[in-house]
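Here is how the chains run, residue by residue.
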Amino acid sequence: QVQLVESGGGLVQAGGSLRLSCAASGRTLSMYHMAWFRQAPGKEREFVAAIAWYSGSTYYADSVKGRFTISRDNAKNTVYLQMNGLKPEDTAVYYCAARRELVTFRTRPMEYDYWGQGTQVTTSS
């Protein structure tokens with residue numbers, strides 16, 4: 001089992017920044033991919049970014065490329081999502097997820113095994 005706890009959400013004006021954190025516990029994460037998803041009201045959950053814990057390789061949705069950065073801290077067993085240049089359309093509940101995987105980045109929610117409770121991000125115009 002992997003337990004995930006997100007934090008760092010909040011209200012920010014358009015153009016502002018936030019950093020989300022996802023603290024992981026329960027398993028050694030070296031064989032996992034960690035990802036961020038988001039879900040806006042009335043919409044399906046969508047992929048945002050992923051990182052391979054072992055190599056640090058990353059993968060992004062086109063909608064956030066160049067604005068968001070995913071990273072991990074091995075010592076703290078924590079994954080981060082730095083969000084810059086936030087837009088109103090980034091407003092959503094953001095979820096951290098984990099999948100036991102070494103190679104291929106996955107972008108569908110059903111492909112991830114563990115989830116956090118979510119944290120709300122709201123960008124005002």
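Below is a short write-up of the structure. (Residues numbered from 1 in each chain as written. Predicted model: local features only at pLDDT ≥ 70, side-chain atom pairs only at ≥ 80, totals over all residues. Heavy atoms only, no water.)

**Topic: the sheet that holds strand β8 (residues 78-83)**
Within the open sheet, the four strands sit side by side as β1-β3-β8-β7. Their pairing is antiparallel. Each end of this open sheet is capped by a strand with a single partner; those strands are β1 (3-7) and β7 (68-73). Within this sheet the neighbouring strands show an average axis-to-axis angle of 15°, counted without direction. Sheet topology places β1 next to strand β3 (residues 18-25); five bridges connect them, and they run antiparallel. Bridging from a neighbouring strand, Glu6 pairs with Cys22 of β3. (Pairing = 2+ DSSP bridges. Helix = DSSP H or I, 4+ residues; strand = E, 2+ residues; numbered from the N terminus. Axes fitted to C-alpha atoms, helices over the stretch in contact; angles between N-to-C directions.)

**Some remarks on the pattern of salt bridges**
According to the stated counting rule, one finds eight salt bridges in the structure shown. For Glu46, the salt bridge is made with Arg38, and the minimal N-O distance between the two is 2.6 Å. Classification of Arg38 by relative accessible area gives buried; the value is 6%. Of the charged contacts in the structure, one is a salt bridge between Asp90 and Arg67, with a shortest N-O distance of 2.8 Å. On the criterion of sequence distance, the pair formed by Asp90 in the loop between β8 and β9 (92-100) and Arg67 in the loop between β6 (58-60) and β7 is long-range, its members being 23 residues apart. The class for Asp90 is buried, based on a relative accessible area of 0%. A single salt-bridge network, built from bridges that share partners, covers Arg99, Glu101, Arg106, Arg108 and Glu111. (Salt bridge = Lys/Arg side-chain N within 4 Å of Asp/Glu carboxyl O. Buried < 20%, exposed > 50% of the residue type's maximum accessible area, 1.4 Å probe, protein only.)

**Description of the packing of aromatic side chains**
By the definition in use, this model includes eight aromatic pairs. Ring geometry for Tyr59 and Phe105: centres 5.7 Å apart, planes at 10°, overall stacked. Placement of Tyr59 in strand β6 and of Phe105 in the loop between β9 and β10 (114-115) is noted, with a sequence separation of 46 residues between them. According to the relative accessible area criterion, Phe105 is partly exposed, its value standing at 21%. Seen from their ring centres, Tyr112 and Trp115 are 6.4 Å apart, and the 65° between their planes marks the pair as edge-to-face. Taking relative accessible area as the criterion, Tyr112 reaches 5% and is therefore assigned buried. Members of the aromatic cluster, joined through ring pairs, are Phe37, Phe47, Tyr59, Tyr95, Phe105, Tyr112 and Trp115. Over the face of the ring belonging to Tyr95 we find Arg45, whose NZ or CZ atom lies 3.7 Å from the ring centre. (Phe/Tyr/Trp six-rings, centres within 6.5 Å; stacked < 30°, edge-to-face > 60°. Lys NZ or Arg CZ within 6 Å of the ring centre and 35° of its normal.)

**What to know about the environment of Ala40**
Along the chain, Ala40 turns up in the loop between β4 (32-39) and β5 (46-52). Separated by 16 residues in sequence, Ala40 and Gly56 have C-alpha atoms that sit 28 Å apart. Once residues lying within four places of it in the same chain are set aside, the contact partners of Ala40 are Thr91 and Ala92. (Contact = heavy atoms within 4.5 Å.)

**Focus: the nonpolar core**
Leu4, Met34, Trp36, Leu81, Met83 and Tyr94 are the most contacted members of the largest nonpolar core, which has 37 residues in total. Those elements giving two or more residues to this core turn out to be β3, β4, β5, β7, β8 and β9. Once residues within four sequence positions are removed from consideration, Tyr94 is found in contact with Glu6, Leu20, Trp36, Phe37, Arg38, Val48, Phe68, Leu81, Met83, Gly118, Thr119 and Val121. (Core = buried A, V, L, I, M, F, W, Y, C linked by side-chain atoms within 4.5 Å.)

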